There are 2 protein chains.
Amino acid sequence: MFVYHGYTGKLASLLSSMNIEPGDRIKVVKGGEVFEGVLMPRYTIRSGEDILVIKLDNGYNVGVKIEEGSQISLLSKKPRVERRGRIGEAGGRRGEIVLLSTGGTIASKIDYETGAVVPALSTEEIIEWAPDLADIALFEAREVMSVFSEDITPEDWERLAREVYEEMNRGVAGVVIAHGTDMMSYSAAALAFAIRDKPVPIVFVGSQRSSDRPSSDSILNLKGAFITAAKAPLAESVVAMHASTSDEMIAVHRGVKVRKMHTSRRDAFQSINDKPIALVNPYTGEIKIVGRILRERDRGRTPILEGRFDNRVALVKAYPGVQPEIIDFLVDKGFHGIVIEGSGLGHIANRLIESIKRGVENGIPFVMTSQCLFGRVNLNVYSTGRRLLEAGVIPLEDMLPEVAYVKLSWVLANKSRDLSEVRKWMLTNLEGEITYRHTLDLFPRWPYE
Amino acid sequence: MFVYHGYTGKLASLLSSMNIEPGDRIKVVKGGEVFEGVLMPRYTIRSGEDILVIKLDNGYNVGVKIEEGSQISLLSKKPRVERRGRIGEAGGRRGEIVLLSTGGTIASKIDYETGAVVPALSTEEIIEWAPDLADIALFEAREVMSVFSEDITPEDWERLAREVYEEMNRGVAGVVIAHGTDMMSYSAAALAFAIRDKPVPIVFVGSQRSSDRPSSDSILNLKGAFITAAKAPLAESVVAMHASTSDEMIAVHRGVKVRKMHTSRRDAFQSINDKPIALVNPYTGEIKIVGRILRERDRGRTPILEGRFDNRVALVKAYPGVQPEIIDFLVDKGFHGIVIEGSGLGHIANRLIESIKRGVENGIPFVMTSQCLFGRVNLNVYSTGRRLLEAGVIPLEDMLPEVAYVKLSWVLANKSRDLSEVRKWMLTNLEGEITYRHTLDLFPRWPYE
């Protein structure tokens, strides 16, 4: 089957013979109707498909069924991207960054057959679609995997860590990782731990809206991420996403302190128990530091890869009536570590403590976080907490449950499975995952205030 | 063993013979030192204990070890609470409310031996300690259980629902439930569903600070709860807690839309995907409606008790690498329902879908919520969502994961275990647990904005 930018059959042959490519401006006359706009690639290849996708000037995409008698003409070729460069070559120039694509909405398109969004946009297509990214920095882009972020596994983090590590060794000024938003904060935390002594930033970026929707945040987020990767004076794993619903500012959040806090808003990502590190103006390129930089950019620093993750860690949320048999099951199955998303200051029902104790006696670390998300756990205030401490539970300060999960997986695979070592590493603040002092203004302001 | 307000041995005999009770002003002279203040009751009974607890005028409690030669004298008796009334008697007066105590910080005190806070304050002691509650409304108080809220179970909700139902049938103007804050929002949701056609409000109230700490929020929260129970024009299950860290206003949140969002702040409870219903000024008694009342107070309405809860519901949070064997285990163990706290718009790894499908085929309802907390799930946007829908997963709009857990437990026990019936009831908006339209201002404003 001849496939041409996702098109097949006669349509593929026709477009190819006319040298029409995605990005070119075309006109289709069909019956009495005229469709004029930019040709889009297809992202689901189906043989026999004869629908042409055109982005109209109003920003909407239409699928035009090409029939006998339909006329297609080329109005103008797409503008050429001239300023792309390659990285790491001899005498490599400053400001060169790499964009690694993993899948997700920033690289996804509507499947016009099912109406659902599927991850498919290739890196080349990203470049075609947002050529002005090259104004920010010379960059190279490639796809390292293509999965929805909800399918990301600890094994994927290992692969991603190796890719990023290699890029850093090649001397890039920064790495941008296009990632689905669902699990982006988990992956940002994973990369924070997986590469020690980072010389340059790792910038995760995604999109809350499909890139062919007029309200898409893809391009501005990517611009913010590119600016951060190329120029921000930090060397941490961060998330760059819309700071508010208006297209004014991109917030740069510490990867171990950020969480997706809304299912659909463009400003869904927010720092918890910390402030964002910076705000980036995607139009001017200005970077305003509003938080704390914990590791400064230093391209001379040699990164260390500690990129393994243990996939036998479970996260258990406390709820009224939570069944001790769930803990028993995880212990019996030989899980390597368990994160409790406790209630309040870090509690779970007392009737589970015997099961937890048995797990600890079997060498399984139990760490405690809070489903409140904001604030710090404290097992010294109430007697339940004290009993949990006695059972060997490790309280993780103000660490997010999701970050505790990632870090425990990382500690178990790279450091030790010895309980006292696990305790030591979990409580060692490696990447700012613990904020020791909270100011009152870290809690957001609520609608009615 | 003779126990007198928690005191034992010689001390108990001495206090009793001198007619000294907690709340009385006393003076202790011991060696060269003089301690003057209010006698506090003991909350951990230990024989042989000879420590007297005195609340000093600076608000701090001291434990004074009474030795040979120590002198205790009564300075003044505590003020008498005269305005308490009983409820439901013939010709019952308007404004009479009942305070049901379940345990938790609002009824807890420091155990001076271990230094930890234990739940122990009796209802009588609450009244002694905050006599001006009687200024708000005639009230009766009693303890229906004494557990930490992290130990609350669905069985406890059944008991609590019966108690509240009986109070409503006796014609109270409102029910206040003193509850530990850890699981308070779960219980508030449980009572919302357990009593249909409520005639008057059920007001949950707790304290983020132990009642013997100077910064305690106990009394103001209780006042706000009493005002709400006695006078607010609503008949829903709500949570009344500090609206901000300043002692100015108590917020009244819908029980099915509230969540403890901070481990320690006094304004930890916040409405998610909804506004609070009201703000109450605990000093003036003024009630300002700032949100929507979904059921108005009507003491003539006859409540219906549907107070059972199924304790075989589990909540599973999606995380990268979440193990399908956890779902398999719950299905094999014959759990009756599973709430998924998915990622983003309501996803979980595709590799779990076969396990979920098997569960649904075995008649187990799976419902989908989002760990983002804010926003609405939508399984029609991405292909993972569509596959979850095909597997039979029920998407729960903008319902909180915790509320979905409570409601599923309630539906299974009171309505049906038939999948299509469960779907119908889960998606029927009984208590405002679903907000169909979100305004942009429902998302909080973040520190750096």
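Preceding block: the structure.
About the cut-offs
Residues numbered from 1 in each chain as written. Chains lettered and ligands numbered in written order. Predicted model: local features only at pLDDT ≥ 70, side-chain atom pairs only at ≥ 80, totals over all residues. Heavy atoms only, no water. Core = buried A, V, L, I, M, F, W, Y, C linked by side-chain atoms within 4.5 Å. Buried < 20%, exposed > 50% of the residue type's maximum accessible area, 1.4 Å probe, protein only. Contact = heavy atoms within 4.5 Å. Pairing = 2+ DSSP bridges. Helix = DSSP H or I, 4+ residues; strand = E, 2+ residues; numbered from the N terminus. Axes fitted to C-alpha atoms, helices over the stretch in contact; angles between N-to-C directions. Buried area = accessible area lost by both parts, 1.4 Å probe. Polar contact = N/O pair within 3.5 Å; in protein donor to acceptor, adjacent residues only side chain to side chain. 1 Å grid on protein atoms, 1.4 Å probe; cavity = no way out; pocket = protein on both sides within 12 Å on 5 of 7 lines; lining within 4 Å. Points joined across faces, edges and corners; volume = space filled by probe spheres on them. Nonpolar A, V, L, I, M, F, W, Y, C, P; charged D, E, K, R; others polar. Least-squares fit on C-alpha atoms with pLDDT ≥ 70 in both. Left-handed = near helix turned anticlockwise from the far one by under 90°. Salt bridge = Lys/Arg side-chain N within 4 Å of Asp/Glu carboxyl O. Parallel < 35°, antiparallel > 145°, perpendicular 65-115°, else oblique.

A.B. asks: Which parts of the structure should I look at to understand the nonpolar core?
C.D. replies: The tendency in soluble globular proteins is for nonpolar side chains to be buried as a group. One finds Ile356 and Phe366 of chain A together with Ile356 and Phe366 of chain B to be the most contacted residues of the largest nonpolar core, which totals 182 residues. Phe366 of chain B has contacts with Ile327, Val331, Ile338, Ile340, Ile356, Gly359, Val360, Gly392, Val393 and Ile394 of chain B, leaving out every residue within four places of it along the chain.

A.B. asks: Please clarify how the pairing of strand β2 (residues 33-39) of chain A should be interpreted in this entry.
C.D. replies: Consecutive side chains along a regular strand alternate between the two faces of the sheet. One ladder, built from six bridges, connects strand β1 (residues 25-30) of chain A with β2 of chain A; its direction is antiparallel. Counted as the bridge partner of Val29 of chain A is Val34 of chain A from β2 of chain A.

A.B. asks: Would you mind going over the side chain of Asp151 of chain A with me for this structure?
C.D. replies: Counting through the fold element by element, Asp151 of chain A comes out in the loop between β9 (139-143) and α4 (154-169). Beyond its immediate sequence surroundings of up to four residues, Asp151 of chain A is in contact with Asp156 of chain A together with Ala349, Asn350 and Arg351 of chain B.

A.B. asks: What's the story with the sheet that holds β9 of chain A in this structure? I'm lost.
C.D. replies: In any sheet, the strands associate via hydrogen bonds between backbone groups, in a parallel or an antiparallel arrangement. Residues and elements named next belong to chain A. The strand order across the open sheet built from eight strands is β9-β6-β10-β12-β13-β14-β17-β18, with neighbouring strands paired in mixed fashion. In the strand order of this sheet, the two ends are held by β9 and β18 (287-289), each with one partner. The sheet shows a mean angle of 25 degrees between the axes of neighbouring strands, taken without regard to direction. Taken together, the four bridges between strand β12 (residues 202-205) and strand β13 (residues 237-242) define a ladder with parallel strand orientation. Bridging from a neighbouring strand, Ile202 pairs with Ser237 of β13. The strands touched by helix α6 (residues 218-231) within the sheet are β6 (97-101), β9, β10 (174-178), β12, β13, β14 (250-254), β17 (278-280) and β18, with β13 carrying the most contacts at an inclination of about 145 degrees.

A.B. asks: Where do I start with helix α4 (residues 184-194) of chain B in this structure?
C.D. replies: A turn of α-helix holds 3.6 residues, and therefore any two residues three or four places apart point the same way. Burial analysis of α4 of chain B places 11 of its 11 residues in the buried class, the great majority of the element. Within α4 of chain B the residues assigned to the buried category are Met184, Ser185, Tyr186, Ser187, Ala188, Ala189, Ala190, Leu191, Ala192, Phe193 and Ala194 of chain B.

A.B. asks: Help me out: how do you make sense of the interface of chain B and chain A in this one?
C.D. replies: In many analyses, interface size is given as the accessible surface area lost on bringing the parts together. On the side of chain A, 86 residues touch chain B, which itself brings 87 residues to the contact. Between chain B and chain A, roughly 7,300 Å² of surface is buried when both sides are summed, and carbon and sulfur atoms account for 57% of that area. Linking chain B with chain A are 35 residue pairs in polar contact (both at pLDDT 80 or more), by the criterion used here.

A.B. asks: What should I look at first to understand empty space enclosed by the protein in this one?
C.D. replies: To locate leftover empty space, one rolls a probe as large as a water molecule over the atoms. Taken as a whole, this structure holds five cavities of 30 Å³ or more when the rule is applied. Taken as a whole, the largest cavity encloses approximately 120 Å³ of empty space. Forming the walls of the largest cavity are 13 residues, and the residues nearest its centre are Leu315 and Ile326 of chain A together with Leu315, Val316 and Ile326 of chain B. Looking at the lining of the largest cavity, the elements with two or more residues in it are β20 (313-317) and α7 (324-332) of chain A together with β20 (313-317) and α6 (324-332) of chain B. Of the residues assigned to the lining of the largest cavity, the class counts are 11 nonpolar, no polar and two charged. Reported here for the second largest cavity is a volume of approximately 60 Å³. Forming the boundary of the second largest cavity are Ser343, Gly344, Gln371 and Cys372 of chain A together with Asp182, Ser185, Tyr186, Arg259, Lys260 and Glu402 of chain B. Contributions of two or more residues to the lining of the second largest cavity are made by α4 and β15 (258-260) of chain B. Looking at the lining of the second largest cavity residue by residue, the class counts come to two nonpolar, four polar and four charged.

A.B. asks: Sorry, what's going on with the relation of the copies chain B and chain A here?
C.D. replies: For the pair of chain copies, the relating transformation is a rotation about an axis with a translation along it. With an RMSD of 0.3 Å, chain B superimposes on chain A once it is rotated by 180 degrees and translated 0.1 Å along the axis. Taken together, these values place the two copies in the relation of a two-fold axis. Residue Arg445 of chain B of chain B places its C-alpha closer to the rotation axis than any other residue of that unit, at 2.7 Å. Take the interface residues of chain B: 99% of them recur as interface residues in chain A, which is what a same-surface contact looks like.

A.B. asks: How should the sheet that holds strand β17 (residues 278-280) of chain B be read in this particular structure?
C.D. replies: Residue and element names in this part refer to chain B. Read across the open sheet, the eight strands follow the order β9-β6-β10-β12-β13-β14-β17-β18; overall the sheet is mixed. In this open sheet, the two strands that pair with only one neighbour each are β9 (139-143) and β18 (287-289). Strand-to-strand twist across the sheet, computed as the mean angle between neighbouring axes with direction ignored, equals 25 degrees. Inspection of the sheet shows strand β12 (residues 202-205) paired to strand β13 (residues 237-242) by three bridges, in the parallel sense. Lying on the sheet, helix α5 (residues 218-231) is in contact with β6 (97-101), β9, β10 (174-178), β12, β13, β14 (250-254), β17 and β18; it crosses β13 at an angle near 145 degrees.

A.B. asks: Mind showing me how you'd approach unusual backbone geometry here?
C.D. replies: Excluding glycine, most residues fall at negative phi; most peptide bonds, likewise, are trans. Of note, Asn19 of chain A is a non-glycine position whose phi angle comes to about 55 degrees, a positive value. Accessibility expressed as a relative area gives 43% for Asn19 of chain A, which makes it partly exposed. Positive phi values are uncommon outside glycine, yet Asp197 of chain B reaches one of about 50 degrees. Secondary-structure assignment places Asp197 of chain B in the loop between β11 (195-196) and β12.

A.B. asks: Would you explain the packing of α4 of chain B against helix α9 (residues 401-414) of chain B in this entry?
C.D. replies: The description of two helices packed together rests on the angle between their axes and the distance between the axes. Residue and element names in this part refer to chain B. For the pair α4 and α9, interaxial distance at closest approach is 9 Å and the crossing angle is 35 degrees. The element α4 and its partner α9 pack so that their crossing is right-handed. Contact with α4, carried on its side by Tyr186, Ala189, Ala190, Phe193 and Ala194, involves Glu402, Val403, Tyr405, Val406, Lys407 and Trp410 of α9 and no other residues of that element. Of the residues belonging to the contact of α4 with α9, the class tally is nine nonpolar, no polar and two charged.

A.B. asks: What should I look at first to understand the pattern of salt bridges in this one?
C.D. replies: It is possible for side chains bearing opposite charge to pair when their charged atoms get close. Tallied over the full model, the rule gives 61 salt bridges over all chains. Here Glu341 of chain A ties to Lys317 of chain B by a salt bridge, and the two come within 2.6 Å at their closest N and O atoms. Here the residue Glu341 of chain A occupies a position in strand β21 (residues 337-342), and Lys317 of chain B occupies one in strand β20, the pair thus bridging two chains. Comparing Glu341 of chain A with Lys317 of chain B shows no difference in burial state: the two are buried.

A.B. asks: Sorry, what's going on with the packing of α4 of chain A against helix α5 (residues 184-194) of chain A here?
C.D. replies: Residues and elements named next belong to chain A. Running from N to C, α4 and α5 cross one another at 55 degrees; their axes reach a closest spacing of 10 Å. Taken together, the axis directions place α4 and α5 in an arrangement best described as oblique. You can see that α4 and α5 cross each other, and the crossing is right-handed. Counted together, Trp157, Leu160, Ala161 and Val164 of α4 and Tyr186, Ser187, Ala190, Leu191 and Ala194 of α5 form the full contact between these two elements.

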